[in-house]
Amino acid sequence: MTMTDGRCADAVQVVAPNGVTWTRIPDGRSSPADLLRELAQLTMNHVEREWDWWQEGRAQQEHDRQWAILGEWDNGASRRKPHQDPEASAEAFLAECDRRHEVEKQQRAARATELYSKERESLRLELMRTEADAAFFAHVLAAPASKEQQHAAERRMAERQTAARELRSKLGDPEDVIDHDGYYPAERRTSSLSSHMTVWRHPMLRELHKAKQRKRFKTLLAMRPPAPASMCSECQAPSQWHEYALSLCLFRPAPPAGSPAEKLARLLPGWWRRCSACTAYQLEHQWGGTLALPDFTGEQWRAMLPPMLREIFAPDPPKAKKAVARPNRWR
């Protein structure tokens, strides 16, 4: 017995969650469960799907495996019309993507012309930096090294919290502040998360694996994808990392030779690579004087990091030297 379209009545079929019926081709070997799994993968956000694909060539392998399974199933929509040119169809699809991209680009340009304000952009960055400062001093206060340090951190945290409230009152909603290209912060965070994965996480995992730094590798591998809303809009790190003076400015080139920025970068190592939304305390500590917290050391900074950040970013503590037995010359 055959079906109306010529396929066998006992053909393997499965109904997807969206109600579409899929039929396995006669020589197909994948199961209905295999198909449903791959269809679910297609609907996932690419960061969630690819987060642990750190190995070289893994993305291409997964792509090939997935489409080998999908190619074994037919939902009736993929059959080409007579004389349909697949190459022409692909070109038409790409042309439509280009058209939509150009429309979005023009819309952002118009938005930037109408709404961009350098003053509001600067205020927003100052607010983010100030809030990161306040959070940094709160972390110090979780385990102050001395009474003098505690008093200084309490004073500075209160100052930063007051300054942040004043900035918010003056700025309004920071999420409404677009950059000079017409992007809102939420749009930049989504891009930051994608770059965090492909430009930092995957290469870092490969580097740690190659160097056989097993503990650091396993710690980073265990990290789950941050929510886009938790990312920084100005660099490729989660915003919380800025509370510990950690940044990921992955696309910032070196400052122009001979420029004031290049001279300042020599005077303050780390300044140029620091995100503008990150706490400024690290720089203040390098300047020293009244800006530095009393008794604050690199070991205290290491201790106040969350375990994952400590394992990935903090230098290994110095190994204790073994006592050397020396002969007693006075016997």
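This write-up is about the structure you can find in this document. Quantities reported herein were computed from a predicted structural model and do not represent experimental measurements.

## Thoughts on the pairing of strand 2 (residues 21–24)
At step 1: Of the pairings in the sheet, the one linking strand 1 (residues 13–15) to strand 2 comprises 3 bridges and is antiparallel in character. By the bridge assignment, Gln-13 is partnered in strand 2 with Thr-23.
At step 2: With antiparallel pairing between neighbouring strands as the criterion, strand 1 and strand 2 make up a hairpin whose turn holds 5 residues, including Gly-19 at a positive phi of roughly 90°.
At step 3: Relative to strand 3 (residues 73–74), strand 2 is paired through 2 bridges, and the arrangement is antiparallel. Opposite Thr-23, over in strand 3, you have Asp-74 as the bridge partner.

## Observations concerning the environment of Leu-205
At step 1: On the secondary structure map, Leu-205 appears in helix 7 (residues 185–210).
At step 2: As a C-alpha pair, Leu-205 and Phe-217 span 12 residues in sequence and 6.0 Å in three-dimensional space.
At step 3: Setting aside its immediate chain neighbours within four residues, Leu-205 contacts Trp-54, Phe-217, Leu-220 and Leu-221.

## Topic: the packing of aromatic side chains
A ring pair, where both rings are aromatic, is described by two values, the distance of the centres and the angle of the planes.
At step 1: Considering all chains together, one arrives at 10 aromatic pairs under this definition.
At step 2: Plain terms: the ring middles of Trp-200 and Phe-313 are 6.0 Å apart, the flat faces sit at 10° to each other, and that makes the pair stacked. One end of the pair, Trp-200, is in helix 7; the other, Phe-313, is in helix 12 (residues 307–313), and 113 residues separate them in sequence.
At step 3: Trp-200 sits in the buried class, given a relative accessible area of 7%.
At step 4: For Phe-313, a relative accessible area of 25% translates into the label partly exposed.

## Some details on the packing of helix 1 (residues 32–43) against helix 3 (residues 58–70)
At step 1: Where helix 1 meets helix 3, the closest approach of the two axes is 9 Å, and the angle between their N-to-C directions is 125°. Taken together, the axis directions place helix 1 and helix 3 in an arrangement best described as oblique. In this structure, helix 1 meets helix 3 at a crossing whose hand is left-handed. Mapping the contact onto sequence places Asp-34, Leu-35, Arg-37, Glu-38, Leu-39, Gln-41 and Leu-42 in helix 1 and Arg-65, Gln-66, Trp-67, Ile-69 and Leu-70 in helix 3.
At step 2: Considering only residue class, the contact of helix 1 with helix 3 consists of 6 nonpolar, 2 polar and 4 charged.

So, how was this worked out
Residues numbered from 1 in each chain as written. Predicted model: local features only at pLDDT ≥ 70, side-chain atom pairs only at ≥ 80, totals over all residues. Heavy atoms only, no water. Pairing = 2+ DSSP bridges. Helix = DSSP H or I, 4+ residues; strand = E, 2+ residues; numbered from the N terminus. Contact = heavy atoms within 4.5 Å. Phe/Tyr/Trp six-rings, centres within 6.5 Å; stacked < 30°, edge-to-face > 60°. Buried < 20%, exposed > 50% of the residue type's maximum accessible area, 1.4 Å probe, protein only. Axes fitted to C-alpha atoms, helices over the stretch in contact; angles between N-to-C directions. Parallel < 35°, antiparallel > 145°, perpendicular 65-115°, else oblique. Left-handed = near helix turned anticlockwise from the far one by under 90°. Nonpolar A, V, L, I, M, F, W, Y, C, P; charged D, E, K, R; others polar.

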